[in-house]
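# Structural features, examined
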Amino acid sequence: MTRSDRQAGLDKLNTRVREDLSYLTLPAKPWVPRQSYKGQAVRDVVIIGAGMCGLAALAQLRLAGIDNVVAYDHAAPGLEGPWITFARMRTLRSPKTLTGPALGLPALTFRAWYTAQFGAEAWDRLDKIPKEQWMDYLVWYRHILELPIENEVRLLDIEAATDDLVALRLEDQSGTRTEYARHLVLATGRSGLGGAYVPDFLDGLDPALWAHGADEIDFGALKGKDVAVIGAGATAMDNAGMALERGAASLCMLIRRKEMPQINKMTGIGSPGVVHGIRYLPDDWKWKFYDYVAKAQTPPPRSSTLRVSRHPNARFYLDCAVTGVRAAGNRAIVETSQVPFEVDFVIAATGFRNDFFERAEFASIAPHIKVWGDGVYAPDMGTPHRFLVDSPYLGESFEFQEKEPCTCPILSRIHCFNDAAMLSHGKLSGDIPAVSAGADRLMRGIAASLFNADREKQFEALQNFAAPELEGDEWTDSTPDLKPKDKIAS
Ligand SMILES: Cc1cc2nc3c(=O)[nH]c(=O)nc-3n(C[C@H](O)[C@H](O)[C@H](O)COP(=O)(O)OP(=O)(O)OC[C@H]3O[C@@H](n4cnc5c(N)ncnc54)[C@H](O)[C@@H]3O)c2cc1C
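Conventions and cut-offs
Residues numbered from 1 in each chain as written. Predicted model: local features only at pLDDT ≥ 70, side-chain atom pairs only at ≥ 80, totals over all residues. Heavy atoms only, no water. Helix = DSSP H or I, 4+ residues; strand = E, 2+ residues; numbered from the N terminus. Buried < 20%, exposed > 50% of the residue type's maximum accessible area, 1.4 Å probe, protein only. Contact = heavy atoms within 4.5 Å. Areas by Shrake-Rupley, 256 points an atom, 1.4 Å probe, with all protein chains shown as cover. Lys, Arg positive; Asp, Glu negative; His and termini not counted. Charge placed at Lys NZ, Arg CZ, Asp CG, Glu CD. Near = heavy atom within 4 Å. Polar contact = N/O pair within 3.5 Å; in protein donor to acceptor, adjacent residues only side chain to side chain. 1 Å grid on protein atoms, 1.4 Å probe; cavity = no way out; pocket = protein on both sides within 12 Å on 5 of 7 lines; lining within 4 Å. Points joined across faces, edges and corners; volume = space filled by probe spheres on them. Nonpolar A, V, L, I, M, F, W, Y, C, P; charged D, E, K, R; others polar. Salt bridge = Lys/Arg side-chain N within 4 Å of Asp/Glu carboxyl O. Pairing = 2+ DSSP bridges. Axes fitted to C-alpha atoms, helices over the stretch in contact; angles between N-to-C directions. Domains from an automatic or database assignment. Buried area = accessible area lost by both parts, 1.4 Å probe. Left-handed = near helix turned anticlockwise from the far one by under 90°.

## Observations concerning the overall build of the protein
When its secondary structure is counted, the protein shows 14 helices and 20 strands. Once the C-alpha set of the protein is aligned to its principal axes, its extents read approximately 110 × 60 × 50 Å. Counting all 490 residues of the protein, 47% fall into the buried class. Sequence separation of at least 24 residues holds for 71% of the intrachain contacts in the protein that already meet a minimum separation of 6. Carbon together with sulfur atoms contributes 52% to the accessible area of the protein, which is approximately 24700 Å² in total. If the 55 positive side-chain charges of the protein are averaged to one point and the 63 negative ones to another, these points end up 6 Å apart.

In structure tokens:
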């Protein structure tokens, strides 16, 4: 297909999206009364993060007539999320058929976008979605829905302006400013409520000798070098694949487990039941599910693993827990439960963690956020995995809850729409499969909260509404003609 054929296909799809929305009378008419605070207009909702979850949330809120919303992202346009920044896989792990952020609209799916440009046969031939194409799709989604997003804006700080108004300190190229919002959605991604998890044994090690798997890494500089990758997840394989392709002399995968996990358990039972049901499980059952999944672990994708193992200079060492890393000249000695390894560079593909205290922007709210470790988790529920114990204990629409009642009421207006919500809500705000269901749950909660908070104004609007449906000339009143003993024949 030529570029102009592709553009023509996309133009057709754009028309279809607009038509579908108009058939559904979407977006709904705006219905939230405007507010101001200290002479400044207040946003109904501010979303931090314009990755996939931020986009889906923004779109769903606008379709529901909550139009006084905006999303801010500190990344440049088209660079939001991991896809073309630190994601080092070639394709998505997810099957191409997932409907992702389409919000129930067929014309908004990746399939519609892809088929419009490349045709149905190309779609049939497509195996997995190349990550660059997924990013292109998200950029298209943003434009066709005319989503109000400002890039290169960073959230610096959150404060309670009042009990029900969030003050956000934001920074962009022109400086810092404060904005007010009635609801704040943190769609800040996998590292959104903490950061990279770095094992203690890497603390203090010369940064020239190691990096986290999500860091920017100069893979070109690893040509001819001996590299160790700690971990066996998808990120571990992707980083190893990159290092090998850029000419690493040797690469060892240091894997703590005795066996590689082979079965993707939670994906295996994926169903609308899981999507809508996890939230309503008793807490001990939620723990039981995610404890089991954490123990079983998620295998790296087959293609990513083959990308590594096809290199003769790649080695997999299982049952090989790293116990320490130290510098020896300009090399690193990696102590393990087997033998020490001497390498030039270590990549720690050790994941992320939930630690609000790690992020300066959450400093004022972090001490008040209730987590599962605050009396919800009990030892008889299962293993106390640190990332689960530190997970926020969220309310119905992803809102934070207070550790101590009445100490930080603004938390009920701050919604944790990112990976950290998994234990409370299931995977509705982190991965592609159920993000539309998550956006819908979030929107319903925010819509209900806004309506309830504005009930006096909404009632006033009810009273003031005076546009007649009947004009008074459609009937005549026969009551005055009634005589006391008249029998009315029907
Ligand atoms: C390497 C890798 C591969 C993955 N592959 C898949 C896959 O195949 N299938 C799948 O379902 N999932 C995959 N995931 C999970 C993936 O992260 C999510 O599907 C998707 O990115 C989630 O979208 P998100 O909006 O929650 O987070 P992100 O896409 O990470 O977006 C979060 C955004 O928030 C912004 N942000 C954060 N903090 C601030 C701040 N203080 N101020 C302003 N902006 C801020 C960031 O710039 C970022 O753009 C992968 C993740 C990684 C890391």
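## Focus on the site of the ligand
Around the ligand, the surrounding shell holds 33 residues, and the nearest of these are Asp73, Arg93, Ser94, Gly430 and Ile432. Glycine 81 is positioned with one of its backbone polar atoms (N or O) 2.9 Å from an oxygen atom of the ligand. The fraction of the free accessible surface of the ligand (970 Å²) that becomes covered by protein chains is 91%.

## Quick notes on empty space enclosed by the protein
Applying the stated criterion to the full structure yields 3 cavities of 30 Å³ or more. Looking at the largest cavity, the residues that line it are Ala50, Gly51, Met52, Leu55, Glu80, Met135, Leu138, Val139 and Arg142. Elements represented by at least two residues in the lining of the largest cavity include exactly helix H2 (52-63) and helix H5 (131-144). Ranked by residues supplied to the lining of the largest cavity, first place goes to H5 with 4 residues. Residue composition of the lining of the largest cavity, by class: 6 nonpolar, 1 polar and 2 charged.

## Quick notes on the pattern of salt bridges
Scanning the model with the defined rule gives 23 salt bridges in all. Residue glutamate 80 pairs with arginine 142 through a salt bridge whose shortest N-O separation is 2.9 Å. A residue pair is termed long-range when its members are at least 10 positions apart, and glutamate 80 in the loop between strand E3 (69-73) and strand E4 (91-95) and arginine 142 in helix H5 qualify at 62 residues. Per residue, the accessibility class of glutamate 80 equals that of arginine 142, and both read buried. Ionic pairing is found between arginine 190 and aspartate 419, a salt bridge with its closest N-O pair at 3.5 Å. You can see arginine 190 sitting in the loop between strand E9 (175-186) and strand E10 (194-196) and its partner aspartate 419 sitting in the loop between strand E20 (414-415) and helix H12 (422-425), a full 229 residues away along the chain. On the basis of relative accessibility, which here comes to 44%, the residue arginine 190 falls in the partly exposed class. Connected through salt bridges with shared partners, the residues Glu150, Asp172, Arg177 and Glu179 form a single ionic network.

## Focus on unusual backbone geometry
Residue proline 27 is reached from leucine 26 by a cis peptide bond, and omega for that bond is -5 degrees. Assignment of secondary structure puts proline 27 in the loop between helix H1 (3-23) and strand E1 (35-37). The backbone of threonine 25 sits at a positive phi, close to 50 degrees, despite the residue not being glycine. Residue position: threonine 25 is located in the loop between H1 and E1.

## Description of the side chain of serine 397
Relative to the helices and strands, serine 397 is located in the loop between helix H11 (386-389) and E20. In this view, serine 397 contacts His415, His425, Arg441, Leu442 and Gly445; residues no more than four positions away in its chain are not counted.

## Notes on the environment of glutamate 399
Looking at where glutamate 399 falls in the secondary structure, it is placed in the loop between H11 and E20. For glutamate 399, a relative accessible area of 17% translates into the label buried. In the structure, glutamate 399 is positioned 215 residues away from leucine 184 in sequence and 9.3 Å away in space, judged by C-alpha atoms. Aside from chain neighbours lying at most four places away, what touches glutamate 399 is Leu394, Leu411, Ser412, Ile414 and His415.

## Points about the sheet that holds strand E16 (residues 331-336)
On the basis of which strands lie adjacent, the open sheet formed by 3 strands has the order E15-E16-E17 and antiparallel pairing. Of all the strands in the sheet, the pair left with one neighbour each is strand E15 (322-328) and strand E17 (341-343). For this sheet the average axis-to-axis angle between neighbouring strands, irrespective of direction, equals 20 degrees. Bridge count for E16 against E17 is 3 bridges, and the pairing is antiparallel. The residue bridging isoleucine 333 from the neighbouring strand is glutamate 342, located in E17.

## Thoughts on the domain arrangement of the protein
When cut into domains, the protein gives domain 1 (3-193 + 354-453) and domain 2 (198-262 + 299-350). Between the C-alpha centres of domain 1 and domain 2 there is a distance of 32 Å. Domain 1 puts 5 residues into the contact, and the matching count from domain 2 is 16 residues. Summed over both sides, the interface between domain 1 and domain 2 buries roughly 790 Å², with carbon and sulfur atoms accounting for 44% of that surface.

## Examining the environment of leucine 184
On the secondary structure map, leucine 184 appears in strand E9. Sequence separation of leucine 184 and tryptophan 31 is 153 residues, and the distance between their C-alpha atoms is 19 Å. Dropping the residues within four chain positions of it, leucine 184 is found in contact with Val46, Ile48, Ile158, Val166, Leu168, Arg413, Ile414 and His415.

## Digging into the packing of helix H6 (residues 234-245) against helix H10 (residues 302-309)
One way to put it is that H6 packs onto H10 with a least axis distance of 8 Å and a crossing angle of 35 degrees. In terms of crossing hand, the pair formed by H6 and H10 is left-handed. Of H10, the residues touching H6 (which contributes Met237, Asp238, Ala240, Gly241, Met242, Leu244 and Glu245) are Ser304, Thr305, Arg307 and Val308. Looking at the contact of H6 with H10 residue by residue, the class counts come to 5 nonpolar, 3 polar and 3 charged.

## Notes on the sheet that holds strand E11 (residues 210-212)
Pairing is parallel in the open sheet, where 5 strands are placed in the order E11-E18-E12-E13-E14. Each edge of the sheet is formed by a strand with only one pairing partner; in this case those strands are E11 and strand E14 (314-317). The sheet shows a mean angle of 20 degrees between the axes of neighbouring strands, direction not considered. Pairing geometry for strand E12 (residues 226-230) and strand E13 (residues 250-254), over 5 bridges, is parallel. Bridging from a neighbouring strand, alanine 228 pairs with cysteine 252 of E13.

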